[in-house]
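Chains, contacts and geometry: an overview
What follows is each chain in one-letter form.
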Amino acid sequence: MVIDYNRTAAYVCPFCSAISEHPLNVFDFSGGQVKLPCSARGCGEHCVTIVPRGKKYRIDAECPVCMETHSFYVPSEKLWTARALACSCPESGIGIFFIGEQNAVEQKLRESVEEYNRLFGEYGGDPEDDEHLILDGIADRLNVLLLDRSVKCTCGSRDISLAIRGGFVTAVCKSCGRTMSMPADEHTLMQLMNIKTFVIK
């Protein structure tokens, strides 16, 4: 069997609630442990640490549900071959860290965010906090797309300005002036999580 040593890791930052995705490959561990930070601009808190331990990896993940640090031990083969591996909070059962193939990981992450929102609602959480989680998720996903140079205009330019204001995500091409707006809601977040390229049309 040919093993693809390229993985996608995803998690929700317990400090600012932003969703982070990071590519990982076996060479990232050549120097030992790998620390994964929140990718939201202005945050940067370390959310996950992965430490090689012989034929296993120890994953220390900061939990956005109970705000504790949970440790998980995963066999090396499973980490590099599982389609989508989920590590869950032992108190709530909600997935807090995911690693595997990008599409499968993003699906698991969406399910986890939905479950987190349901749990939060059961305990009388403030609906505004759910809204902030969605807005932070949209902002983080757009930042990932920008960093990957996956945001462009139909005119061919990649010089794009992105902003979230007034309940909408607005993208403006600085070259031709074309503008595109979408509501800053959960549906838009799900769409952004499922696309590889954001195009202003």
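Residues numbered from 1 in each chain as written. Predicted model: local features only at pLDDT ≥ 70, side-chain atom pairs only at ≥ 80, totals over all residues. Heavy atoms only, no water.

1. Regarding the side chain of Ser20
- Following the sequence through the fold, Ser20 ends up in strand β2 (residues 19-25).
- Among the polar contacts made by the side chain of Ser20, one reaches the main-chain amide nitrogen of Ser39 at a distance of 3.0 Å.
- Apart from residues no more than four positions distant in its own chain, Ser20 is found in contact with Ala9, Ala10, Tyr11, Pro37, Cys38, Ser39 and Asp140. (Helix = DSSP H or I, 4+ residues; strand = E, 2+ residues; numbered from the N terminus. Polar contact = N/O pair within 3.5 Å; in protein donor to acceptor, adjacent residues only side chain to side chain. Contact = heavy atoms within 4.5 Å.)

2. Some remarks on the sheet that holds β2
- One open sheet holds the four strands; their spatial order is β2-β1-β8-β7, and the pairing between them is antiparallel. Bordering the open sheet on either side are β2 and β7 (84-88), each of which pairs with just one other strand. Averaged over neighbouring strand pairs, the angle between their axes works out to 20° when direction is ignored.
- For β7 and strand β8 (residues 95-100), the ladder comprises five bridges, and the chain directions are antiparallel. Note on β8: the bridge partner recorded for Ala86 is Phe98. (Pairing = 2+ DSSP bridges. Axes fitted to C-alpha atoms, helices over the stretch in contact; angles between N-to-C directions.)

3. Here's the deal with the pattern of salt bridges
- Summed over the entire model, instances satisfying the criterion amount to two salt bridges.
- Two residues, Arg58 and Asp60, come together in a salt bridge whose shortest N-O distance is 2.8 Å.
- Overall, the relative accessible area of 18% leaves Arg58 in the buried class. (Salt bridge = Lys/Arg side-chain N within 4 Å of Asp/Glu carboxyl O. Buried < 20%, exposed > 50% of the residue type's maximum accessible area, 1.4 Å probe, protein only.)

4. Details of the sheet that holds strand β5 (residues 56-62)
- Sheet architecture is open: four strands sit in the order β3-β4-β5-β6, paired in antiparallel fashion. Of all strands in the sheet, those bounded by a partner on one side alone are β3 (34-37) and β6 (69-75). Taken pair by pair, the neighbouring strands of this sheet meet at an average axis angle of 20°, ignoring direction.
- Where β5 meets β6, seven bridges bridge the pair, whose relative direction is antiparallel. By the bridge assignment for β6, Ala61 is matched with His70.

5. Comments concerning the pairing of β5
- Most of β5 is tucked away: five of the seven residues are buried.
- Summarising the sheet, strand β4 (residues 46-53) and β5 pair through six bridges and their orientation is antiparallel. Looking at β5, one finds that Thr49 is bridged to Asp60.
- In this structure, the hairpin formed by β4 and β5 is closed by a connection of two residues, where Gly54 is found at a positive phi of approximately 65°.

6. Re the nonpolar core
- Residues Leu24, Leu36, Val48, Ile50, Ile59, Leu79 and Phe97 are the most contacted members of the largest nonpolar core, which totals 28 residues.
- Mapped onto this core, the elements with two or more residues apiece are β1 (6-12), β3, β4, β5, β6, α1 (76-81), β7 and β8.
- Membership of the second largest hydrophobic core comes to 27 residues, among which are Leu133, Leu142, Ile160 and Leu192. (Core = buried A, V, L, I, M, F, W, Y, C linked by side-chain atoms within 4.5 Å.)

7. Some points on the environment of Asn6
- Topologically, Asn6 is positioned in strand β1.
- In the structure, Asn6 is positioned 75 residues away from Thr81 in sequence and 9.6 Å away in space, judged by C-alpha atoms.

8. What to know about the environment of Ala139
- One can find Ala139 in helix α3 (residues 127-147).
- The exposure class of Ala139 is partly exposed, given its relative accessible area of 28%.
- Separated by 120 residues in sequence, Ala139 and Ile19 place their C-alpha atoms 8.8 Å apart.

9. Quick look at the confidence of the model for the chain
- Confidence along the chain averages 82 in pLDDT terms, with 89% of residues attaining 70 or more.
- Of the regions scoring below 50 in pLDDT, residues 122-127 engages in two contacts with residues more than four places distant in sequence or in other chains. (pLDDT = per-residue confidence, 0-100.)

10. A short note on the environment of Asp185
- Assignment of secondary structure puts Asp185 in the loop between β12 (179-183) and α4 (186-194).
- If near-sequence neighbours (up to four positions away) are discounted, Asp185 is found in contact with Ile134 and Ile138.

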